[in-house]
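Chain by chain, the residues:
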Amino acid sequence: DQIQENLIKPSHQIDMDDIVREGFPTLREVADEVAFPLSKEDLILGEKMMEFLRNSQDPVIADKMGLRGGVGLAGNQLGLLKKVIAVLIPNEPEIDEAGNEILPTEPFKMQEVLYNAKIVSHSVQDAALETGEGCLSVDEEIPGFVVRHARVTVEYYNKEGEKKKIRLKNFESMCVQHEIDHTNGIMFYDHIDLKEPWAIKDGMLVIQ
Ligand SMILES: OCN(O)CCCc1ccccc1
Ligand code: NI
């Protein structure tokens, strides 16, 4: 795939020009599972996606490269129909009584490239982020609760080819569902009730 060839060149760093926007076909297509053992190309792709997320969360680099901050990225957003997602969720620094920032021991709550991720079970209860969601592939704001499963069990393969099963809740749950959706051609606003975008129904949890 020529797109992937360009993305994984040693000198290439993924930036906003590599991220397709609404209307690009792959955003509405189901991606294919990747084969194991992973090809070098698929391994490097995952690393480049994670590098993008790190760069996007670094104020100096993000400013220099013109990156929007992101906590996740999916292959479909790079024009690739491969079930590869990267997730990088920072831990919030604590603030002490004097108002000083205490950097967390672990910088990240989640830092993982997930191959062939799928939801294998989920809570009956729904949840949504209080502030709604955005997307690097959507240049306009679309307000409203993005109604998702509150808690999910996700099976995936890591870059070593090990099968993993994780249970997620809160922000991590929303983020991973956002990314897995991308690999199935689903956009965050598909989950907004556009008639009552801020309605809280059936015991839905609102996540701060
Ligand atoms: O698909 C990645 N994405 O476009 C970047 C932002 C992902 C995101 C995840 C959870 C809540 C809001 C936004
Ligand atoms: Ni997105």
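The structure this text deals with has already been given above.
In short, a report on the structure.

## What about the overall build of the protein?
(1) Moving on: When helices and strands are counted, the protein shows four helices and 10 strands.
(2) Moving on: By the compact-globule yardstick of 17 Å for 208 residues, the protein fits well, its C-alpha radius of gyration being 17 Å.
(3) Moving on: For the protein, buried positions account for 45% of its 208 residues.
(4) Moving on: Within the protein, contacts between residues at least 6 apart in sequence are counted, and of these 72% link residues at least 24 apart.
(5) Moving on: Accessible surface, the protein as shown: approximately 11,100 Å² in total, 51% of it carbon and sulfur.

## Quick look at the environment of Glu-47
(1) Moving on: Mapping Glu-47 onto the fold places it in helix α2 (residues 40–56).
(2) Moving on: Between the C-alpha atom of Glu-47 and that of Ile-8, which follows or precedes it by 39 residues, the distance is 9.0 Å.

## Quick word on the site of ligand 1
(1) Moving on: Around ligand 1 lies a shell formed by Val-71, Gly-72, Gln-77, Leu-129, Glu-133, Gly-134, Cys-135, Leu-136, Cys-175, His-178, Glu-179 and His-182.
(2) Moving on: At a separation of 3.1 Å, an oxygen atom of ligand 1 approaches a polar side-chain atom of His-178.
(3) Moving on: In this structure, His-182 approaches ligand 1 through a side-chain N or O atom, which is 2.9 Å from an oxygen atom.
(4) Moving on: Alone, ligand 1 offers 360 Å² of accessible surface; in the complex the protein occludes 92% of this.
(5) Moving on: Sort the elements by how many residues they give to the shell around ligand 1 and helix α4 (residues 170–183) lands first, with four residues.

## Remarks on α4
(1) Moving on: The end-to-end C-alpha distance of α4, which contains 14 residues, comes to 21 Å, matching closely the 20 Å that a straight helix rising 1.5 Å per residue would cover.
(2) Moving on: Residues of α4 that are buried: Glu-172, Ser-173, Met-174, Cys-175, Val-176, Gln-177, His-178, Glu-179, Ile-180, Asp-181, His-182 and Thr-183.
(3) Moving on: Positioned one or two residues after α4, Gly-185 has a phi angle of 75 degrees, which is positive.

## Side note on the sheet that holds strand β6 (residues 126–129)
(1) Moving on: Taken in spatial order, the three strands of this open sheet run β7-β6-β10, and their pairing is mixed. Edge strands, defined here as strands with exactly one partner in the open sheet, are β7 (148–149) and β10 (205–207).
(2) Moving on: Relative to β7, β6 runs antiparallel, the two sharing two bridges. Of the residues in β7, the one forming a bridge with Ala-127 is Arg-148.

## Observations concerning the coordination of the nickel ion (ligand 2)
(1) Moving on: Protein coordination at the nickel ion (ligand 2) comes from Cys-135 (SG), His-178 (NE2) and His-182 (NE2), with a distance range of 2.1 to 2.4 Å.
(2) Moving on: Coordination at the nickel ion (ligand 2) is irregular, judged from the six donor atoms that bind it and the angles of 31 to 151 degrees they form at the metal.
(3) Moving on: For the nickel ion (ligand 2), the single-chain donor residues occur in sequence as C-x42-H-x3-H. Of this pair, His-178 and His-182 both sit in helix α4, separated by four residues, roughly a single helical turn.
(4) Moving on: For His-178, a relative accessible area of 11% gives the class buried.

## A short note on the packing of aromatic side chains
(1) Moving on: In this structure the tally under the stated criterion is four aromatic pairs.
(2) Moving on: Ring geometry for Phe-36 versus Tyr-115: centroids 6.0 Å apart, planes at 90 degrees, classification edge-to-face. One end of the pair, Phe-36, is in the loop between α1 (2–7) and α2; the other, Tyr-115, is in strand β5 (residues 108–122), and 79 residues separate them in sequence.
(3) Moving on: Taking relative accessible area as the criterion, Phe-36 reaches 30% and is therefore assigned partly exposed.
(4) Moving on: With a centroid separation of 5.4 Å and 75 degrees between ring planes, the pair formed by Phe-188 and Tyr-189 is classed as edge-to-face.

What counts as what
Residues numbered from 1 in each chain as written. Chains lettered and ligands numbered in written order. Predicted model: local features only at pLDDT ≥ 70, side-chain atom pairs only at ≥ 80, totals over all residues. Heavy atoms only, no water. Helix = DSSP H or I, 4+ residues; strand = E, 2+ residues; numbered from the N terminus. Rg over C-alpha atoms; globule rule 2.2 N^0.38 Å. Buried < 20%, exposed > 50% of the residue type's maximum accessible area, 1.4 Å probe, protein only. Contact = heavy atoms within 4.5 Å. Areas by Shrake-Rupley, 256 points an atom, 1.4 Å probe, with all protein chains shown as cover. Near = heavy atom within 4 Å. Polar contact = N/O pair within 3.5 Å; in protein donor to acceptor, adjacent residues only side chain to side chain. Expected span 1.5 Å × (residues − 1). Pairing = 2+ DSSP bridges. Donors = N, O, S within 2.8 Å, 3.2 Å for Na, K, Ca; no water. Tetrahedral: all angles 85-135°; square planar, octahedral: opposite > 155°, others 65-115°. Phe/Tyr/Trp six-rings, centres within 6.5 Å; stacked < 30°, edge-to-face > 60°.

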